[in-house]
Amino acid sequence: MNILSYKKAAKRWSEALPLGNGRIGAMHFGGIEVDRFQLNEDTLWSGPPKRIVKKKDEESLHKVRKLIEQGQYEEATHETKNMLGPYTQGYMPLGDLTINYLHGNVAKEYKRELNIEKALSSVKYTVGKVEYTREAFISHKHQVLAIKLTSSVEKELNVRITLDSLLKSKTVHMKEELTLQGICPESSAPVYHNGNAQPIRYGEIGKTKAIHFEGRLGVVVESGQVESLNGKLTIQYATKAVIYLAVATSFNGFDKLPGRDMNVLTDQNVMCLSNAMSIPYDHLKDDHIRDYQSLFNRVGLSLGKERAKVFLDTDERVRKFGRDDLGMVELLFQYGRYLMIASSREGTQPTNLQGIWNDSTRPPWSSNYTININTEMNYWPAEVTNLGECHRPLLKLIKELAVNGERMVSERYGRKGWTAHHNTDLWRHAEPVGDRDGNPIWAFWPMSGPWLCRHLWEHFEFSMDKVYLAEEAFPLMKGAVEFCLDWLVEHENGYLITSPSTSPEHTFISEDGQVGSVTKGAMMDLQIIWDLFTNSIDAATVLGVDDDWVNQMREAKERLHPLKIGKYGQLQEWLIDYEDVEPQHRHVSHLYGVYPGNQILEGPLLDAARQTLNIRGDSGTGWSLGWKMNLWARLKDGERINKLLHELFNIVDDNKEYVTGGGLYPNLLGAHPPFQIDGNFGYTSGVIEMIIQSHKGYIELLPALPSTWLIGTLAGVRVRGGFEIDISWDCMKVSELTVTCKCDNNLVIKTNEAIILREEGKEDTQISAVDGFISLEMSEDQKCKILF
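Keep in mind it's a predicted model, so treat the numbers as computed, not measured.

Thresholds, definitions, all that
- Residues numbered from 1 in each chain as written.
- Predicted model: local features only at pLDDT ≥ 70, side-chain atom pairs only at ≥ 80, totals over all residues.
- Heavy atoms only, no water.
- Helix = DSSP H or I, 4+ residues; strand = E, 2+ residues; numbered from the N terminus.
- Rg over C-alpha atoms; globule rule 2.2 N^0.38 Å.
- Buried < 20%, exposed > 50% of the residue type's maximum accessible area, 1.4 Å probe, protein only.
- Contact = heavy atoms within 4.5 Å.
- Areas by Shrake-Rupley, 256 points an atom, 1.4 Å probe, with all protein chains shown as cover.
- Lys, Arg positive; Asp, Glu negative; His and termini not counted.
- Charge placed at Lys NZ, Arg CZ, Asp CG, Glu CD.
- Expected span 1.5 Å × (residues − 1).
- Bend = angle between axes of the 7 residues up to and from the residue.
- Pairing = 2+ DSSP bridges.
- Axes fitted to C-alpha atoms, helices over the stretch in contact; angles between N-to-C directions.
- Patch = residues over 30% accessible without salt bridge, like charges linked within 9 Å, V, L, I, M, F, W, Y side chains within 5 Å.
- Salt bridge = Lys/Arg side-chain N within 4 Å of Asp/Glu carboxyl O.
- Polar contact = N/O pair within 3.5 Å; in protein donor to acceptor, adjacent residues only side chain to side chain.
- Disulfide = S-S within 2.5 Å.
- Core = buried A, V, L, I, M, F, W, Y, C linked by side-chain atoms within 4.5 Å.
- Parallel < 35°, antiparallel > 145°, perpendicular 65-115°, else oblique.
- Left-handed = near helix turned anticlockwise from the far one by under 90°.
- Nonpolar A, V, L, I, M, F, W, Y, C, P; charged D, E, K, R; others polar.

### Some remarks on the overall build of the protein
Here's step 1: Assigned secondary structure in the protein consists of 18 helices and 38 strands.
Here's step 2: Over its C-alpha trace the protein gives a radius of gyration of 27 Å, about what one expects of a compact globule, namely 28 Å for 788 residues.
Here's step 3: Judged by the C-alpha coordinates and their principal axes, the protein covers about 85 × 70 × 50 Å.
Here's step 4: For the protein, buried positions account for 63% of its 788 residues.
Here's step 5: Restricting to contacts in the protein with at least 6 residues of sequence separation, those with at least 24 account for 70%.
Here's step 6: Surface accessibility of the protein: about 29,600 Å² in total, with carbon and sulfur atoms responsible for 47%.
Here's step 7: For the protein, the centre of its 87 positive side-chain charges and the centre of its 105 negative side-chain charges are spaced 4 Å apart.

Shown next, in the form of structure tokens:
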């Protein structure tokens, strides 16, 4: 059952249940006397930033490179700080929709649920002899939050409704409506930056260049009265009521100033509410479910019968049974897909560090896009779990980021092409962040552009859409290649390396005892550039492009410094075999070539990657555990993943002052801690990697299945080459595949077994493996069943 269920209301944010339509988000608490919907809208950010003063860093860049060659790493770190720029802006909460029931706070038979098959939250309880119910969803089609309130006895529904916000705002009541109008801050500093006397600064409504917003609430009641007074809406003596909320902002685009006219937002919301409220609630709900399930129902996972008692609260199930509750393993997998659909739809902003859910004006890490791993991890499950449309917001971000990234590269470094650094935001910030107090260990990392290009390529690999490749992906990939070609320097041995170079958020100890972060030839850099060059060469081949630029890229790829194995048998993190400051560090950046890349496939380097993971250990933050799942899947070790699942299926109590290790909050959102959504998405992609892989140019079945997953089915997943696959297994052996081909292509499966090929209207055909593979030519829309 794809339902999160609880017998008590949420007291803390980490217990509330997330709803979303890609743009609007809500955390539903489900209180008895006071229910709260904490609200978000994905374009509510501080800013826009002031135009960054042109800063030329070529002199500092030259100094840093010279210091690195002299082995003066601490001085190099200090000089690199001169190249840091302003911080990104922050993601803001919209406000709270609060429903105050006038029946007191004592109830029985309480039940709170989130049905992720229908994207509905619900609450049910009894006070006296009256059963009260609430049901809520956020419609993507109609762009409203809808909340249905009912009482089992006529005229026993009595509530007060308010709208308020932590942002600078005002609430206005009108007949049967509430309106919340406000502005975002003009600037917002990260919680870890103490350089500002006032970390949040506002302008004035109607005058500021910051984003303006309006939330407008309307109600439809059955046999009751509605009154508005003192900024509240009161419903009395009703039997049923439906609350509708529409939200609009003045965001005009990453490169334009927001509007200032509240009347424009009012007109948008009035029209939106009018349309939604003219539709019967049940029809609105059916439209919502139909739209949502068109995406969600594409993929199914079953690992056999549920082992746990489903009447337990969801968090109690995790505490009691952990990874052994296979029903919970399935639920968390589908929860990742639910969160993807709820936070990233075509036309919306991409998912940030917290998806679209945030209740703080100064959230952890500004709830921005952290593009040295976290944003990328958010989208690892998009293509494989058949949600390619949900990938589009990130692809659009990359296109927009490249505009600012190209200008930044030219102005700062005097180089060609485009890239970005550690963070970006709604305004597509491309500069290295850090201001005056940042540390290059995380602030100076100019490789996010090349990494993001992997997403451009993967969207093609799964869709095989050549028009998209030619018109959207390839020009952006080419720009990132141009930057890399201009950024690479020749090492003394003739190989090409990067300098300066950092391995994100990790430090080293040099032979003479210096603790440093800035050096040359971090292996992650070289793996990402190898990946970009390889994918760009393949894209050029697909498109028939063969010019001097492509030849230059081929030659540079051959000259990239080889990866190295260190004194402990590990894959070196840096060109020089330094000692790690934190051997069990959460980042495993230098294993990019194992996952998500595909440079390291076999041989001594793969063994060295395994040794690296052994040294890093199995503990970690939520997202780190998700990355390790995918890495161990590529290493084909399902039992090791099972150990990681023991760490992951751990309920984190955010009420404690100190928390060690990651896991899940009671609402199953990923715990870094604090909350980061990337752990949820890393887990979902990891489950797919355990069951089916396609990164080597062929399909590999059950590469990393743990012994506890004896029997199962996975339906509707996508693999590279434009195929959709259902797979069934029994006793850890594949029994059946169903393959649907979305374009003319050759299906290659790794197996030593003979298969029976079954197609409708044709006789069964037995096909034997040749050299460990079976190859089938398939045409668009062809469907076949393969029996083992």
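Let us keep going from here.
### Points about helix α9 (residues 388–413)
Here's step 1: The end-to-end C-alpha distance of α9, which contains 26 residues, comes to 35 Å, matching closely the 38 Å that a straight helix rising 1.5 Å per residue would cover.
Here's step 2: Of all bends in α9, the biggest is about 25°, found at alanine 402.
Here's step 3: With 19 of 26 residues buried, α9 lies mostly within the body of the structure.
Here's step 4: Following α9 by one or two positions, glycine 414 has its phi on the positive side, about 65°.

### Topic: the sheet that holds strand β5 (residues 95–101)
Hydrogen bonds between backbone atoms are what pair the strands of a sheet, whose relative direction is either parallel or antiparallel.
Here's step 1: Pairing in this open sheet of 7 strands is antiparallel, and the strands run β2-β3-β4-β5-β10-β17-β16 from one edge to the other. Since the sheet does not close on itself, it has two edges, and those belong to β2 (17–20) and β16 (225–229), each with one partner. Ignoring strand direction, the axes of neighbouring strands in this sheet form an average angle of 20°.
Here's step 2: In the sheet, β5 pairs with strand β10 (residues 157–164) via 6 bridges, with the strands oriented antiparallel. Its bridge partner being in β10, isoleucine 99 is matched across the sheet by isoleucine 161.

### Things to note about a nonpolar patch on the surface
Here's step 1: Residues Val191, Tyr192 and Trp365 make up a contiguous nonpolar surface patch of roughly 240 Å² in combined accessible area.
Here's step 2: Along the chain, tryptophan 365 falls in the loop between α6 (326–343) and β20 (369–370).

### Here's the deal with α6
Here's step 1: With 18 residues, α6 should cover 26 Å at 1.5 Å per step; its first-to-last C-alpha distance of 26 Å lies within 8% of that length.
Here's step 2: Most of α6 is tucked away: 18 of the 18 residues are buried.
Here's step 3: The residue sitting at the N-terminus of α6 and contributing the capping side-chain oxygen is aspartate 325; that oxygen lies 3.1 Å from the backbone nitrogen of glycine 327.

### A few points about the pattern of salt bridges
Here's step 1: Applying the stated criterion to the full structure yields 52 salt bridges.
Here's step 2: For glutamate 316, the salt bridge identified is with arginine 319, shortest N-O distance 3.1 Å. Taken as a pair, glutamate 316 and arginine 319 lie in helix α5 (residues 314–321) at a separation of 3 residues, close to a single helical turn.
Here's step 3: For arginine 319, a relative accessible area of 44% gives the class partly exposed.

### So, the sheet that holds strand β6 (residues 108–115)
Here's step 1: Judged by pairing direction, the sheet is antiparallel, and its 9 strands sit side by side in the order β1-β6-β7-β8-β9-β18-β15-β12-β11 without closing on themselves. Looking at the sheet topology across the chains shown, the edges are occupied by β1 (3–6) and β11 (168–174). Taking the axes of each pair of neighbouring strands and ignoring which way they run, one obtains an average angle of 15° across the sheet.

### Notes on the state of the cysteines
Disulfides are covalent bonds that connect the sulfur atoms of two cysteines.
Here's step 1: Within this structure, the stated rule accounts for 0 disulfides.
Here's step 2: Cysteine cysteine 184 is unpaired, with the sulfur of cysteine 272 as its nearest cysteine sulfur at 19 Å.

### Comments concerning the pairing of strand β12 (residues 177–183)
Here's step 1: With 6 of 7 residues buried, β12 lies mostly within the body of the structure.
Here's step 2: Sheet topology note: the β11/β12 ladder contains 7 bridges and is antiparallel. Residue pairing for β12: histidine 173 is matched across the bridge by leucine 178.

### Looking at a negative patch on the surface
Here's step 1: Residues Glu74, Glu75, Glu511 and Asp512 make up a contiguous surface patch of negative charge.
Here's step 2: Take aspartate 512: its relative accessible area is 57%, and that puts it in the exposed class.

### Regarding the environment of glutamate 579
Here's step 1: Structurally, glutamate 579 can be placed in strand β26 (residues 579–580).
Here's step 2: Residue classification places glutamate 579 among the partly exposed positions, given a relative accessible area of 31%.
Here's step 3: As for glutamate 579 and lysine 567, which are separated by 12 residues in sequence, their C-alpha atoms are 9.8 Å apart.
Here's step 4: Separated by 3.5 Å, the side chains of glutamate 579 and lysine 567 make a polar contact.

### Things to note about unusual backbone geometry
Here's step 1: Along the chain, glycine 47 connects to proline 48 via a cis peptide bond; the corresponding omega equals 5°.
Here's step 2: For proline 48, the location among the structural elements is in the loop between β4 (34–41) and α1 (58–69).
Here's step 3: Proline 673 follows histidine 672 through a cis peptide bond whose omega is -15°.
Here's step 4: Note on placement: proline 673 falls in the loop between β28 (670–671) and α18 (678–691).
Here's step 5: For lysine 155, which is not glycine, the phi torsion reads 65° and is therefore positive.
Here's step 6: Classification of lysine 155 by relative accessible area gives partly exposed; the value is 48%.
Here's step 7: Of note, arginine 428 is a non-glycine position whose phi angle comes to about 60°, a positive value.

### Let's talk about the nonpolar core
Here's step 1: Judged by nonpolar contacts, the single largest core of 230 residues is most densely connected at Leu97, Trp627, Ile691 and Leu714.
Here's step 2: Judged by nonpolar contacts, the second largest core, of 13 residues, contains Leu120, Phe137, Cys272 and Tyr281.

### A short note on the packing of helix α11 (residues 448–463) against helix α12 (residues 466–487)
Here's step 1: With their axes 10 Å apart at the nearest point, α11 and α12 run at an angle of 160° to one another. As judged from the angle between their axes, α11 and α12 are roughly antiparallel. Seen from above, α11 lies across α12 with left-handed handedness. Across the interface between the two elements, Pro450, Cys453, His455, Leu456, Trp457, His459 and Phe460 from α11 touch Lys466, Tyr468, Leu469, Ala473, Leu476, Met477, Ala480 and Cys484 from α12.
Here's step 2: Tallied by class, residues from the contact of α11 with α12 come to 12 nonpolar, 2 polar and 1 charged.

### Re the pairing of strand β33 (residues 733–741)
Here's step 1: Here 8 bridges tie strand β32 (residues 723–730) to β33, and the two strands are oriented antiparallel to one another. Following the sheet pairing, phenylalanine 723 is matched in β33 by cysteine 741.
Here's step 2: Note that β33 and strand β38 (residues 783–787) share 5 bridges and pair antiparallel. Note on β38: the bridge partner recorded for threonine 738 is lysine 785.

### So, the side chain of asparagine 352
Here's step 1: Note on placement: asparagine 352 falls in the loop between α6 and β20.
Here's step 2: Given the relative accessible area of 2%, asparagine 352 is considered buried.
Here's step 3: Apart from the residues lying within four places of it in its own chain, the contact partners of asparagine 352 are Trp45, Tyr91, Ser367, Asn368, Tyr369, Asn378 and Ile677.

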